[in-house]
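# Structural features, examined
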Amino acid sequence: MGHQAFWFDDAMAGDKTQPTALRGEHSSDVAIVGGGYTGLWTGIKLKLARPELRVTLVEKHLCGSGASGRNGGAMLTWSSKFPSLCRLYGLEEAIRLVKASEAGVGEIRDFCLSHGLDADIRADGTFYTATNPSQLGGMSSMLQSLNRHDINSWHRCSPEELKQKTGSEVHLEGHFSEAAGSLHPGKLVRGLRRIAIKLGVEIHELSSVNSIDYGSCNRLNFDEGELICKSLVLATNAWMPELVPELRRSIILVSSDMVITEPVPESLASIGLNHGAAVIDSRTFVHYYRSTPDGRLMLGKGGNTFSFGNRVRNFFDEPSVYSSQLSDKLAWMFPGIRLPLARSWTGASDRSVTGMPFFGRLTEHSNVFYGLGYSGNGVVQSYLGGDILSSLVLGLDNSWTRSGLVTGPRGLFPVEPFRYLGANLVRNAIRYQERRQDQDLSVPGVITAVANLAASAGKADH
């Protein structure tokens, strides 16, 4: 599985379960490919709705070894994307999606409590901040839109609150929403695996799908066995382009890189970082950080290394090549505090054209469902994805199956090599733009125009 995130190894240290590979002939009502948040939530929600269903989940490695065990653990919502939601799905659906994502934070917490899953959940909110003059006022239009429809959970922070709660003086402006929080990604995904098994989901890890024969009954072929199912859910996210040619151009794979410190609880408490709120800056490819209950500090940055051909290459399973830059960023944000690094890692983020996930059926196979494109914002959204995919499998007519999210990809990226070259061109323009902005210098118009091509990649609309 290569180099793993701190979260995954930390969760596995207390996990005594033994993986079982799929061997021989198996059949199921529903098969799910992918043992991350999306696949596990889908399996759990299917069994809660229809306990008699035979549900089988297969995972290439171990459940949680992909993005679900490597993300920053920030429980963020769609409220900051409200103008984009309105443009993509219409006002009524946009309002529903904001409310559903904010409610999802509490629903995940309550689910874990009711099932005895300790995932270090702290629903302490989130801060979105400006760290250079060009970012000031960047959230104004989004907040005005939320206010007009009485769904605004954000308030502007006073300078004192901002400094006290973020632990850093680099934030020039900030807004806080209590409808957010953080959790331990590895403990959540391994706990979901345990709950899914308890509910009757049959899980086979170390089981890589070699090929799929689609039909009224789908046949999944493995090295030492096969699985036949009536309905099939594909929940492999970054691995989807390799598995499903139809979706090859629907996303672009880019690294999100993270570091985490050794426990330094006294130091973090001294600057006010003894809570679970995430702090997100206003860059297109954001910096994000949060503390952990045991006094570690995690910092990440998205939008770094793109993968040619949309393949999950070796660098996604290695320590981050950006670890020194992230360490320098920690020193800039928290000068005078010793923050020794414990680990760095890299994860593959599946970015869609719109920055929103999408769900649907394969064009010629109405009994094959998929969901992907979380674009670096998937902890809460994959929980909702479980609602969407389970509703599709069960053939329900509800707000999820009627949602604009369930219309497949809303755009395609160019073919290679244009996708790879274009992505790097835009990324480099953004980097140059942000370096100039950090120095309060003007940015050439052509650079701004190129950088703006990635506007949907940000955590918030500006």
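An unreviewed UniProt entry annotates the chain as FAD-dependent oxidoreductase of Shewanella psychropiezotolerans.

Right, let's get into the sheet that holds strand E14 (residues 287–291). Taken in spatial order, the eight strands of this open sheet run E5-E6-E4-E13-E14-E15-E12-E16, and their pairing is mixed. A single partner strand is all that each edge strand has here, and the edge strands are strand E5 (154–156) and strand E16 (341–352). Each neighbouring strand pair of the sheet contributes to a mean axis angle of 25°, computed without reference to strand direction. Two elements, E14 and strand E15 (residues 297–306), share five bridges in a ladder whose sense is antiparallel. The partner of Arg290 across the bridge, within E15, is Met298. Across the face of the sheet, helix H6 (residues 159–166) comes into contact with strand E4 (126–130), E5, strand E6 (173–177), strand E13 (278–280) and E14 while running at roughly 115° to E4. Lying over the sheet, helix H12 (residues 418–438) contacts strand E12 (251–261) and E15, oriented at roughly 130° with respect to E15.

For the rest of this paragraph, the subject is the side chain of Glu226. Mapped onto the secondary structure, Glu226 falls in strand E11 (residues 225–234). Excluding residues that lie within four positions of it along the chain, Glu226 makes contacts with Leu22, Gly24, Glu25, His26, Arg219, Leu220 and Asn221.

The next subject is the packing of helix H4 (residues 91–114) against helix H11 (residues 379–393). At their nearest, the axes of H4 and H11 sit 9 Å apart, and the two run at 95° to each other. In this view, H4 runs roughly perpendicular relative to H11, as classed from their interaxial angle. Two secondary-structure elements touch here, H4 through Ala100, Ser101, Gly104, Val105, Glu107 and Ile108 and H11 through Val379, Val380, Tyr383 and Leu384. Each residue belonging to the contact of H4 with H11 can be placed in one class, and the counts come to seven nonpolar, two polar and one charged.

A word on the pairing of strand E18 (residues 365–372). By the criterion of burial, E18 is predominantly enclosed, with six of the eight residues buried. Here three bridges tie E11 to E18, and the two strands are oriented parallel to one another. Looking across to E18, one finds that Val233 is bridged to Phe369. Relative to E18, strand E17 (residues 358–362) runs antiparallel, the two being bridged by five bridges. When the sheet's bridge partners are listed, Phe359 is paired in E18 with Gly371. In this antiparallel pair of consecutive strands, E17 and E18, the connection spans two residues.

Attention shifts here to the pattern of salt bridges. Taken as a whole, this structure holds 25 salt bridges when the rule is applied. Its salt-bridge partner being Arg283, residue Asp438 comes within 2.9 Å of it at the nearest N-O pair. A residue pair is termed long-range when its members are at least 10 positions apart, and Asp438 in helix H12 and Arg283 in the loop between E13 and E14 qualify at 155 residues. According to the relative accessible area criterion, Asp438 is partly exposed, its value standing at 38%. For Arg283, a relative accessible area of 5% corresponds to the buried category. A salt bridge links Asp397 to Arg402; the shortest N-O distance between them is 2.7 Å. The class of Asp397 is exposed, set by a relative accessible area of 63%. Judged by relative accessible area, Arg402 falls into the exposed class, the value being 55%.

Scoring rules and cut-offs
- Residues numbered from 1 in each chain as written.
- Predicted model: local features only at pLDDT ≥ 70, side-chain atom pairs only at ≥ 80, totals over all residues.
- Heavy atoms only, no water.
- Pairing = 2+ DSSP bridges.
- Helix = DSSP H or I, 4+ residues; strand = E, 2+ residues; numbered from the N terminus.
- Axes fitted to C-alpha atoms, helices over the stretch in contact; angles between N-to-C directions.
- Contact = heavy atoms within 4.5 Å.
- Parallel < 35°, antiparallel > 145°, perpendicular 65-115°, else oblique.
- Nonpolar A, V, L, I, M, F, W, Y, C, P; charged D, E, K, R; others polar.
- Buried < 20%, exposed > 50% of the residue type's maximum accessible area, 1.4 Å probe, protein only.
- Salt bridge = Lys/Arg side-chain N within 4 Å of Asp/Glu carboxyl O.

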